[in-house]
Structure formats: structure tokens, C-alpha cells
Amino acid sequence: MRYLVIRTENLSKHFDRRVAVENVTLDVEPGEIYAVLGPKGSGKSTLIRLVLGLIRPTRGRVMVLGMDPLRQGLALRQRIGYAPEQGVFYPWMRGDEVLRLLAQTRRLPLSESAADLAHQFGLDLSRPFGAYGWGERKILFLVHAFMFSADVLILDEPTVGLDTVAQDVFFRLARQARTEGRTVFFTTSSLLEAERLCDRVALLWQGRILAVERGVQLRAKTLRRIEMRFATPVACEAFAGLPNLEELYLEENKLRCTLRGDPDAFLKVASQYRITDFISQQPSLDEIYRRYYGVGGYAA
Ligand SMILES: Nc1ncnc2c1ncn2[C@@H]1O[C@H](COP(=O)(O)OP(=O)(O)OP(=O)(O)O)[C@@H](O)[C@H]1O
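Reading the values: rules and limits
Residues numbered from 1 in each chain as written. Predicted model: local features only at pLDDT ≥ 70, side-chain atom pairs only at ≥ 80, totals over all residues. Heavy atoms only, no water. Pairing = 2+ DSSP bridges. Helix = DSSP H or I, 4+ residues; strand = E, 2+ residues; numbered from the N terminus. Axes fitted to C-alpha atoms, helices over the stretch in contact; angles between N-to-C directions. Contact = heavy atoms within 4.5 Å. UniProt positions renumbered as here; feature names shortened; annotations may be inferred. Parallel < 35°, antiparallel > 145°, perpendicular 65-115°, else oblique. Left-handed = near helix turned anticlockwise from the far one by under 90°. Nonpolar A, V, L, I, M, F, W, Y, C, P; charged D, E, K, R; others polar. Core = buried A, V, L, I, M, F, W, Y, C linked by side-chain atoms within 4.5 Å. Buried < 20%, exposed > 50% of the residue type's maximum accessible area, 1.4 Å probe, protein only. Salt bridge = Lys/Arg side-chain N within 4 Å of Asp/Glu carboxyl O. Near = heavy atom within 4 Å. Polar contact = N/O pair within 3.5 Å; in protein donor to acceptor, adjacent residues only side chain to side chain.

Chemist: Could you clarify how one ought to interpret the sheet that holds strand β4 (residues 59–64) in this entry?
Modeler: Within a sheet, adjacent strands bond to each other through the backbone by hydrogen bonds, running parallel or antiparallel. Read across the sheet, three strands follow the order β2-β1-β4 without closing on themselves; strand pairing throughout is antiparallel. Edge positions in the sheet fall to β2 (18–28) and β4, since each of these pairs with one other strand and no more. Between one strand axis and the next, the sheet turns by 20° as a mean value, whatever way the strands run. The sheet contact formed by strand β1 (residues 6–15) and β4 spans five bridges and is antiparallel. The residue of β4 that forms the bridge with E9 is R61. Along the sheet, helix α1 (residues 44–51) makes contact with β1, β2 and β4, crossing β1 at roughly 120°.

So this is what it looks like as C-alpha cells:
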């Protein structure tokens, strides 16, 4: 039988009449980087809390590392590295004291790798929690998650509030964990992040899974709005034959288009001319949902 790190079966959570998670069935395999991608309010945090056994499902069940998180919470917590979306601590507690306290709740000593991880993120552990900004608190929780070399990392929106340098550190740590055969399960509302980092991505909308895609499949669906200016007028025919170009608009030396997936062929054609300006923007997750999955608008 296939060994699964996380398995949810028809998992639902309703808060009174509000549906937060509905009928979610997921299989997360060992050594995967797996993201749950969804807009604000789509049920990501609720799903993470269900997986951790912090709340009871309305229906369905969860198994993590072969254990029931509701009944084997302590044993499980010792094998999971968890970073919440946000958290509050005594403001006078130093960063390293917070980590020590969190380690104690798992009945583990403070890991020696905490200082090294904090150093990689550029976080000073001698400062009090209350003096940390939002992003620094987030980093502290990531240090906590990664410091035990846990079998599975469960991270709620790990990169929100992080600057690009800290995001890169997170990407590196996640990939390193995968190389070591560990599993990374996290939530995000960033398509770019999901597509670049993940082996598989579950797309969540209004508490339901729309699809589970491989990172590479998602990359092929990536849309870029391109605007370019050239030093001289450009002929439309040069671009007309490109199969992944949509909504092409060319006027003299100005070009606008939507590019789907691999940009290589487009850039090769464009670079035959002298480019004087270039803007590339990604459409919102909402637009991707509308275009490829036929749903739109934010969760109610
Ligand atoms: N304790 C609760 N009581 C009532 N409703 C809740 C509770 N927790 C979540 N919800 C509702 O469930 C839905 C999903 O919320 P959730 O926080 O899981 O979404 P999310 O995708 O994590 O959003 P965000 O990106 O804003 O964190 C929302 O409509 C939210 O208002």
C-alpha cells in the first residue's frame, strides 16, 4: 500500500452555517513539496488546523504520518515542524526564549540548529518578541518549524510578510528538506510561489479543491501581461505565428500581449529588435481561476 504523509478524506469543516472546508480529499506523498493555493478566505488556515488536529472536522477524517492528529497529538507534534500564520507571545520574551518554550511544549530541547537558521534569515534571537516586526515574527515561527529536522513541515502562509531575501531562504530550506526526503506542506495565495517551488499544488476555492496540478503544469498555465517598446516599428508577422501569444496589439513600436507558459520563443523573436522598455505582470489568482477553472470572485 502507498505510504502517505498526509491523507484527508472527504474533510469538511462548517462554522455554524458557514462552510470553511468542504469535502477535501488530499494525498501528500513523502518527500513532496505540496502547496494548497487559494485566495483570501478560501479555507487554507482551516485546512491546516484540521490537519494538525487543532479543530475537529464536521465530517471526514485526517491521518498524518499514519496517526490521527485528534488522538495522537503529542506523538505527532514531535514529528511535525509547524509554523502558524501568526502568533502572539509575551512581548518581553527573547526570540530564543520563545523557541525554547515552543520546544518544551513538544517535550524537546532547543535545537542547536536554531541559531544557524536565525542567522540565515538575518534574525537576531536576542531581541524581545514584542520588538519584532510582523515579518520577523513570521521568521521566528519558520525557525521553529525547521529547527527539529521534522519529517513533515506544515506551514501556514510561510512567506507572507517576508522580504524577498527571506523568501529565498525559505525556498532554499524547503528544497533542502525535500532533498533529505522530508515533506513540506504549506498554504499560499501566491501562484508564482506555488508554481516555482512545488511538486504538486491543490487549488482551493470556497473551501473546495478545484484541481490538483503538478508545479510544471501550473507553470504552463502561467499568464504574463507583456508591454514592450522598441527603438523602431515592428512587423506584426514576426509575432503572429507564436502559439502561446494572445490578445496581441501592435502599433508601430509598441507591443502589448498576453503570454501563456514558456516565454522563450516570444523573447527570441522580440530580441531581434532593439528593446527600449519592457514590463511583465502576472494576472491575479482570481483571473487564473476564472480562465482555467471556470470559477470567479472571492470566497463569500
Ligand atoms: N473560527 C471561525 N468561526 C467562524 N468562521 C470562521 C472561523 N475560522 C474561519 N472561518 C471562516 O471560514 C472561511 C475560511 O477561512 P480561513 O481563515 O480558513 O481562510 P484562509 O484561506 O486561510 O484565509 P486568509 O488567507 O484570509 O487567512 C472564511 O469565510 C472564514 O471567515
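Moving on from the coordinates now.
Chemist: Looking at this structure, how should I read the UniProt feature "domain: ABC transporter" (unreviewed entry) in the protein chain?
Modeler: Feature annotation in UniProt places "domain: ABC transporter" (unreviewed entry) on residues 6–231, given in this structure's numbering. As a span, residues 6–231 carries 34% helix and 30% strand, and end to end its C-alpha atoms are 54 Å apart.

Chemist: Just to check I follow, could you spell out the packing of helix α5 (residues 134–146) against helix α6 (residues 164–179) for this structure?
Modeler: Any two packed helices are characterised by the angle at which their axes cross and by the distance between the axes. Viewed as axis vectors pointing N to C, α5 and α6 meet at an angle of 10°, and their least axial separation amounts to 12 Å. Between α5 and α6, the angle falls in the class roughly parallel. Along this stretch, α5 crosses α6, giving a crossing that reads as left-handed. Note on element contacts: α6 touches α5 through A166, F170, L173 and A174, opposite I139, L142 and F146. In terms of residue class, the contact of α5 with α6 is made up of seven nonpolar, no polar and no charged.

Chemist: Can you walk me through the nonpolar core in this structure?
Modeler: Side chains of nonpolar character tend, in soluble globular proteins, to be buried together. Counting 54 residues, the largest nonpolar core has L37 and L155 as the members making the most contacts within it. For L155, the residues in contact, after removing those within four places along its chain, are I48, G81, A83, L142, A145, F146, F170, V184, F185, F186 and T187. Core analysis: the next-biggest nonpolar cluster, separate from the first, contains 26 residues, L47, V62, L76 and A202 among them.

Chemist: Would you explain the pattern of salt bridges in this entry?
Modeler: One side chain can pair with another of opposite charge once the charged atoms of both are near each other. Taken as a whole and judged by the stated rule, the model has 19 salt bridges. In this structure, K44 and E157 form a salt bridge, with 3.6 Å as the shortest nitrogen-oxygen distance. A residue pair is termed long-range when its members are at least 10 positions apart, and K44 in helix α1 and E157 in the loop between β6 (152–155) and α6 qualify at 113 residues. A cluster of three or more residues bridged by salt bridges with shared partners is formed by R7, E9, D27 and R61.

Chemist: Any chance you could explain the sheet that holds strand β10 (residues 223–230) here in plain terms?
Modeler: Pairing is antiparallel across the open sheet formed by four strands, whose spatial order is β11-β12-β10-β13. Where the open sheet ends on each side, the last strands, each with one partner, are β11 (245–251) and β13 (275–281). Across the sheet, the mean angle separating the axes of adjacent strands is 15° when strand polarity is ignored.

Chemist: Could you clarify how one ought to interpret the site of the ligand in this entry?
Modeler: Around the ligand, the surrounding shell holds 14 residues, and the nearest of these are R18, G41, K44, S45 and T46. Interatomic distance of 3.0 Å between a backbone N/O atom of G43 and an oxygen atom of the ligand. Take E85: an N or O atom from its side chain is 3.3 Å from an oxygen atom of the ligand. Counting only elements with at least two residues in the shell around the ligand, the list comes to β2 and α1. Looking at which element gives the most residues to the shell around the ligand, the answer is α1, with three residues. Within the shell around the ligand, the residues separate by chemical class into four nonpolar, five polar and five charged.

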